[in-house]
Amino acid sequence: MLLDKTDRAILDGEEGETRQEMMEILVTLAKISDAKELTPVKSVQISGASYKTIGEWGLDWLSGLDAKATVPAVLNPVGMDRERWKEMGINREFAENQNRVIKAYERLGIQMECTCAPYYLKMPGYANNLAWSESSAVCYANSVIGARTNREGGPSALAAAIIGKTPLSGLHETENRFPVLNIEVDNVPEEIKDTSWFGALGYIAGKAAGNKIPIFTGFELKGQRQSCLIDEQLKSLGAAMAATGATALYHMQDVTPETKMFKMETEGLKTVNIDGSEVATLFSDTAPDAVALGCPHCSTGEIEMLVSLLEGKTVQIPLFIFAGRTLISRNADAVRRIEATGARVFADTCMVVSPALDKFGTIMVNSGKAYSYVPNMCGAKAVISTTKNCIDAACSKR
Ligand code: F3S
């Protein structure tokens, strides 16, 4: 494998033990994935940031490291809103442990933005190489933006942040980005504006795709561009596919960027048919104990939609909304209007990685990914419904 002079010196320990350990991680991964070299990355997103998921073992490892990130790097959501954790019902012991994790990352030069939607901070460019680890962010970067990242683990993303490079293999290489499965969606209802429908579709499609790269054919999204949040629909679709399958990249004919750059033949590909008229059968109107929205973290468009859905209403059961801290501050007025209804918009965290939602019996979500993860991660029953039904459920009197 080709390492330049600097990389070789790092591997030989000339720049300290931590940089050597990080380079060893990258070189090992490069060997496993047959990479010929390391390539520079524009940005890094690191999972394994919630004390709920990494615990004491992960914290010990982080605390022993001594180096600084050399490229812009952010964290995945942590276990609580860093400022409003008491309001979330987080206990002091958890908060103290979570703060130790945050400080350990801060010491390594990681920016204190904890979000699974880092593309709302700074949108990567087409074909930029990245090292992101949150599966929904990976899927969005590859599919919706046409940037390039493998599904990094927490340690390999941290190694990329410190070294500034990642192995040039897998989805960093054009030839590995073509579809191998055709997902044909038939009988698509005319009204498919809500992101929840795409989350439900992704929940089904991810199971069918597994770890294969699919191309969606059979439905037309272009005409909706004026009337709905198309990027958010794609975000919701990919997040759910990454959860129920291992999707890191999907294409949608004539919608996602690479289908316009490259000729993507579907002839000869194995075809899976999904009946679009059945997607909404996943939806339920079971009365929940809490409602949680913002998986993946909300965009400005989604915040604005929630403002209009909540207009004139009062929330009757806990309604949690999750978004990145910077996005919340960019939309401070809209967030104030949402919170005036009794809903809470929390930063830095989410319904899955925070212990705050573990106490509820049934949680209603509008996300295929959250629908898939909430039962295992929160020990709660999950129901999925449209965003409007979620708001109605949160606001209806018992
Ligand atoms: Fe993000 Fe948490 Fe969903 S990390 S994608 S909001 S499970």
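Residues numbered from 1 in each chain as written. Predicted model: local features only at pLDDT ≥ 70, side-chain atom pairs only at ≥ 80, totals over all residues. Heavy atoms only, no water.

1. What about the state of the cysteines?
Part 1 of the reasoning: One pass over the structure, following the stated rule, counts zero disulfides.
Part 2 of the reasoning: Unpaired in this structure, Cys114 has its nearest cysteine sulfur neighbour in Cys116, at a distance of 11 Å.
Part 3 of the reasoning: Overall, the relative accessible area of 0% leaves Cys114 in the buried class.
Part 4 of the reasoning: Unpaired in terms of disulfides, Cys298 finds its nearest cysteine sulfur in Cys116, a separation of 9.5 Å. (Disulfide = S-S within 2.5 Å. Buried < 20%, exposed > 50% of the residue type's maximum accessible area, 1.4 Å probe, protein only.)

2. Concerning the pattern of salt bridges
Part 1 of the reasoning: Under the counting rule described, the total for this entry stands at 20 salt bridges.
Part 2 of the reasoning: The salt bridge partner of Arg177 is Glu258, with a shortest N-O separation of 2.7 Å. Within this pair, whereas Arg177 is found in the loop between strand 5 (165-167) and strand 6 (181-186), its partner Glu258 is found in helix 9 (residues 257-261), the two being separated by 81 residues in sequence.
Part 3 of the reasoning: We classify Arg177 as buried; its relative accessible area is 2%.
Part 4 of the reasoning: Overall, the relative accessible area of 2% leaves Glu258 in the buried class.
Part 5 of the reasoning: Three or more residues joined by partner-sharing salt bridges are found here, namely Asp81, Arg82, Glu83, Arg325 and Asp348. (Salt bridge = Lys/Arg side-chain N within 4 Å of Asp/Glu carboxyl O. Helix = DSSP H or I, 4+ residues; strand = E, 2+ residues; numbered from the N terminus.)

3. Here we look at the packing of helix 7 (residues 195-209) against helix 8 (residues 230-244)
Part 1 of the reasoning: It is at 7 Å that the axes of helix 7 and helix 8 come closest, and there the two elements cross at 35°. Here helix 7 and helix 8 pass one another in a crossing that is right-handed. Judged by residue contacts, Thr195, Phe198, Gly199, Leu201, Gly202, Tyr203, Ala205, Gly206, Lys207 and Ala209 of helix 7 engage Glu232, Gln233, Ser236, Leu237, Ala240, Met241 and Thr244 from helix 8.
Part 2 of the reasoning: Its residues assigned to classes, the contact of helix 7 with helix 8 comprises eight nonpolar, seven polar and two charged. (Axes fitted to C-alpha atoms, helices over the stretch in contact; angles between N-to-C directions. Left-handed = near helix turned anticlockwise from the far one by under 90°. Contact = heavy atoms within 4.5 Å. Nonpolar A, V, L, I, M, F, W, Y, C, P; charged D, E, K, R; others polar.)

4. Quick word on the side chain of Thr166
Part 1 of the reasoning: Looking at the secondary structure, you find Thr166 in strand 5.
Part 2 of the reasoning: Given the relative accessible area of 0%, Thr166 is considered buried.
Part 3 of the reasoning: Polar side-chain contacts of Thr166 include one of 3.2 Å to the side chain of Glu152.
Part 4 of the reasoning: With residues near it in sequence (within four places) discarded, Thr166 still touches Glu37, Leu38, Thr39, Val41, Leu130, Ala131, Glu152 and His172. (Polar contact = N/O pair within 3.5 Å; in protein donor to acceptor, adjacent residues only side chain to side chain.)

5. Observations regarding the nonpolar core
Part 1 of the reasoning: Of all hydrophobic cores here, the largest spans 137 residues; its most connected members are Val44, Ile46, Ile110, Phe216, Leu319 and Met351.
Part 2 of the reasoning: Here Met351 is in contact with Ala292, Leu293, Gly294, Cys295, Phe322, Leu357, Ala370, Val374 and Cys378, once residues within four sequence places are set aside. (Core = buried A, V, L, I, M, F, W, Y, C linked by side-chain atoms within 4.5 Å.)

6. What to know about the sheet that holds strand 4 (residues 131-132)
Strand pairing in a sheet is mediated by backbone hydrogen bonds. Such pairs are either parallel or antiparallel.
Part 1 of the reasoning: The parallel open sheet is built from three strands, whose spatial order is 3-2-4. Strands with a single pairing partner mark the edges of an open sheet, and in this sheet they are strand 3 (73-75) and strand 4.
Part 2 of the reasoning: Bridging between strand 2 (residues 44-46) and strand 4 involves two bridges; their strand directions are parallel. When the bridges of strand 4 are listed, Gln45 appears paired with Trp132.
Part 3 of the reasoning: Sheet strands touched by helix 6 (residues 154-163): strand 2, strand 3 and strand 4. Its angle to strand 2, the strand with the most contacts, is close to 145°. (Pairing = 2+ DSSP bridges.)

7. Points about the site of the ligand
Part 1 of the reasoning: By nearness alone, every residue bordering the ligand is listed as Pro77, Cys116, Ser136, Gly294, Cys295, Pro296, Cys350, Val352 and Lys369.
Part 2 of the reasoning: Of the residues in the shell around the ligand, the class split is six nonpolar, two polar and one charged. (Near = heavy atom within 4 Å.)

8. A word on the environment of Met351
Part 1 of the reasoning: Here Met351 lies in the loop between strand 12 (344-347) and strand 13 (362-365).
Part 2 of the reasoning: Overall, Met351 belongs to the buried group, its relative accessible area being 0%.
Part 3 of the reasoning: Along the backbone, Met351 and Ala159 are 192 residues apart, and their C-alpha atoms lie at a distance of 28 Å.

9. A word on the environment of Leu309
Part 1 of the reasoning: Examined against the element boundaries, Leu309 turns out to sit in helix 11 (residues 300-310).
Part 2 of the reasoning: Spatially, the C-alpha atoms of Leu309 and Ile102 are 34 Å apart, while their sequence positions differ by 207 residues.
Part 3 of the reasoning: Among all residues touching Leu309, those that are not within four sequence positions of it are Thr387, Lys388 and Ile391.

Honestly, that's just the spatial picture; any functional story needs more than this.
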